[in-house]
Amino acid sequence: MNKKAWQMERELRDAAVPVDRRIHDSNWYEVDFAVPYGDALIDKFWFSKVPGSVAPEIPYQEMTQARGNQGFDVSTAEALIPEGIALHLAGKKDELRLLTSRLLHALNEAPEIPEHPYHQYQHPDNWADVQAAMPASPSYKYAAKWQDAYAERIYQGWLGQLAGGSFGTAIEGYTGAQIAKVYGDVRGYITQPETTNDDVVYELIFLDVYERMGQGITSEALGLEWVRQIPFGWSAEWVAIRNLSMGIFPPQSGSFQNAYSDWIGAQMRGMVCGMLAPANPLEAARLAHLDGVVSHARNGVYGEIFAAVLTSLAFAIDDTHQLLKEAAAFIPAGSEYAAQLDLVFGTLTDAASPEDAWSVLEKHFERYNWIHAYPNMAADVYALWYGGGDFTDTMSLLAKAGNDVDCNAGLVGNVLGVMQAVPKAWAEPIGDLLETYIRGKERLSIRELAQKTARLAKSNVRVD
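Peer 1: Quick rundown of the overall build of the chain? Include the residues and the values.
Peer 2: Within the chain one finds 23 helices and six strands. In terms of overall size, the chain behaves like a compact globule, its C-alpha atoms giving a radius of gyration of 21 Å where 464 residues would be expected to give roughly 23 Å. In terms of its C-alpha atoms, the chain occupies a principal-axis envelope of roughly 65 × 50 × 50 Å. Buried residues in the chain amount to 62% of all 464 residues. Put simply, of all contacts in the chain between residues at least 6 apart along the chain, 77% involve residues at least 24 apart. Entry remark: accessible area of the chain is about 17600 Å², with carbon and sulfur atoms responsible for 51%. For the chain, the separation between the mean place of its 37 positive charges and that of its 59 negative charges on side chains is 2 Å.

Written out as structure tokens, the structure is:
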């Protein structure tokens, strides 16, 4: 019997030993890098290494796993994966091209499994239906009223996000157990931190469009700005850019032939929406929905809503347990994301220790990819729950959880930074420099980025 895609992926992940970043450099994209296409893209999707951590991944295997998570019978595609890997290793490009076409056809034509749990949930798509399904009241008690202290808190939020992202970049894509084997108990930067990653660029694009359109911002305008500024993406973002370039606009750009639509790519970038709507979680959720549907659908979009609301509420709540519980009320009831979030809360409440809690959660989410929204949402909640608001303790817990650590530490770091100033040990090593691979945004001042964010946030809330 053929192995399931999730089993093949689990074996790859469990066996992957971190490349020691204290010795080896990262390999980030540079401005004007050659965007892969044709055989080069096919090769890249049959085996790649994560730029910051050098963790291995096989995108076509991951794509198949993700489609299976959404309740489709992917057995035909699964049967092709071992042969595809072998052809890639043998350099047989003609045969690999044909097999890849067959695999993608099998995924596109995969039949739905009616009894699969995924189809038992309700997943509203448009904003009105999403809002109607939220347990939170439309007249939520925290009203948006500008406070002068918000400007500094936004700066600390950006610092926390970039510090967390820099911390996690070196270890993303590995399990917590393997990270511990190489680095032990991680409680600080593993190497000289670098702020370059592929996560923050989407937030920068959001700010550009928001500066132009304010609260009238649209998903279509965001998508077109992606086409203008972002040369290449990964997983869901790669699909979205392909769709947008073919004239498929939001929300279809996030759902059409996008097996990755429930992955972390939207969840990782929702913090900017929260900083633009301090203490106004419903507006943060609305902005996150507008942004999320560019590249994701259903639970992937809800993940961005969760990130945005956590950030927004961090301006008003200083207790992490209360923060998590109140943010959860903005996730549509009846969705799979809400059900998984409830399970995480139940596990954390019942567990005897953080170690016991993560052991249960890691087992529960073993069928999901390390870039899927669910296991990373679990890591975020786990770290905030047990970290007690302490930046170092919380980052250490994220390293113990593993998975997409740079995305998780960026989200959690932003939330903690808004709540209280980022410790000097984390803030000083990154200085005031944000580096990206986007033309015209190669080197940015973090302080100026925060000032821009605060200016835009203040322009759209009451000041009296």
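Peer 1: Quick one: what's the story with the packing of aromatic side chains, residue by residue and with numbers?
Peer 2: Under the defined criterion, the tally for this structure stands at 20 aromatic pairs. Taken together, a centroid distance of 5.5 Å and an interplanar angle of 80° make the contact between F45 and Y60 edge-to-face. In this pair, F45 sits in helix α2 (residues 39–46) while Y60 sits in helix α3 (residues 59–69), placing the two residues 15 residues apart along the sequence. Looking at F45, the relative accessible area reads 2%, which means it is buried. Taken together, F45, W46, Y60, F232, W234 and W238 form an aromatic cluster joined through their ring pairs. The positively charged end of R67 is found above the aromatic ring belonging to F72, 3.7 Å away from the centroid. Between R242 and the ring centre of W238, over which it is positioned, the NZ or CZ distance is 5.6 Å.

Peer 1: So what's going on with the packing of α2 against helix α5 (residues 93–108)? Residues and values would help.
Peer 2: Between two packed helices, what matters for the description is the angle formed by their axes and the separation of those axes. Two numbers describe how α2 lies on α5: the axes approach to 11 Å, and their chain directions differ by 70°. With respect to each other, α2 and α5 are oriented roughly perpendicular. The way α2 lies across α5 gives a crossing that is left-handed. Of α5, the residues touching α2 (which contributes D39, I42, D43 and W46) are K93, L96, R97, L99, T100 and L103. For the contact of α2 with α5, a count of residues per class yields five nonpolar, one polar and four charged.

Peer 1: Residues and numbers for the pattern of salt bridges, please.
Peer 2: Applying the stated criterion to the full structure yields 23 salt bridges. A salt bridge links E435 to R443; the shortest N-O distance between them is 3.3 Å. Relative accessible area serves as the criterion here: at 28%, E435 is assigned to the partly exposed category.

Peer 1: Residue-level account of empty space enclosed by the protein, with values.
Peer 2: Per the stated rule, a full pass over the model turns up three cavities of 30 Å³ or more. What the largest cavity holds in volume is close to 130 Å³. Taken together, 16 residues form the lining of the largest cavity, with R10, F365, Y368, P375 and N403 sitting closest to its centre. For the lining of the largest cavity, the secondary-structure elements that each account for two or more residues are α1 (5–15) and α18 (354–364). Sort the elements by how many residues they give to the lining of the largest cavity and α1 lands first, with four residues.

Thresholds applied
Residues numbered from 1 in each chain as written. Predicted model: local features only at pLDDT ≥ 70, side-chain atom pairs only at ≥ 80, totals over all residues. Heavy atoms only, no water. Helix = DSSP H or I, 4+ residues; strand = E, 2+ residues; numbered from the N terminus. Rg over C-alpha atoms; globule rule 2.2 N^0.38 Å. Buried < 20%, exposed > 50% of the residue type's maximum accessible area, 1.4 Å probe, protein only. Contact = heavy atoms within 4.5 Å. Areas by Shrake-Rupley, 256 points an atom, 1.4 Å probe, with all protein chains shown as cover. Lys, Arg positive; Asp, Glu negative; His and termini not counted. Charge placed at Lys NZ, Arg CZ, Asp CG, Glu CD. Phe/Tyr/Trp six-rings, centres within 6.5 Å; stacked < 30°, edge-to-face > 60°. Lys NZ or Arg CZ within 6 Å of the ring centre and 35° of its normal. Axes fitted to C-alpha atoms, helices over the stretch in contact; angles between N-to-C directions. Parallel < 35°, antiparallel > 145°, perpendicular 65-115°, else oblique. Left-handed = near helix turned anticlockwise from the far one by under 90°. Nonpolar A, V, L, I, M, F, W, Y, C, P; charged D, E, K, R; others polar. Salt bridge = Lys/Arg side-chain N within 4 Å of Asp/Glu carboxyl O. 1 Å grid on protein atoms, 1.4 Å probe; cavity = no way out; pocket = protein on both sides within 12 Å on 5 of 7 lines; lining within 4 Å. Points joined across faces, edges and corners; volume = space filled by probe spheres on them.

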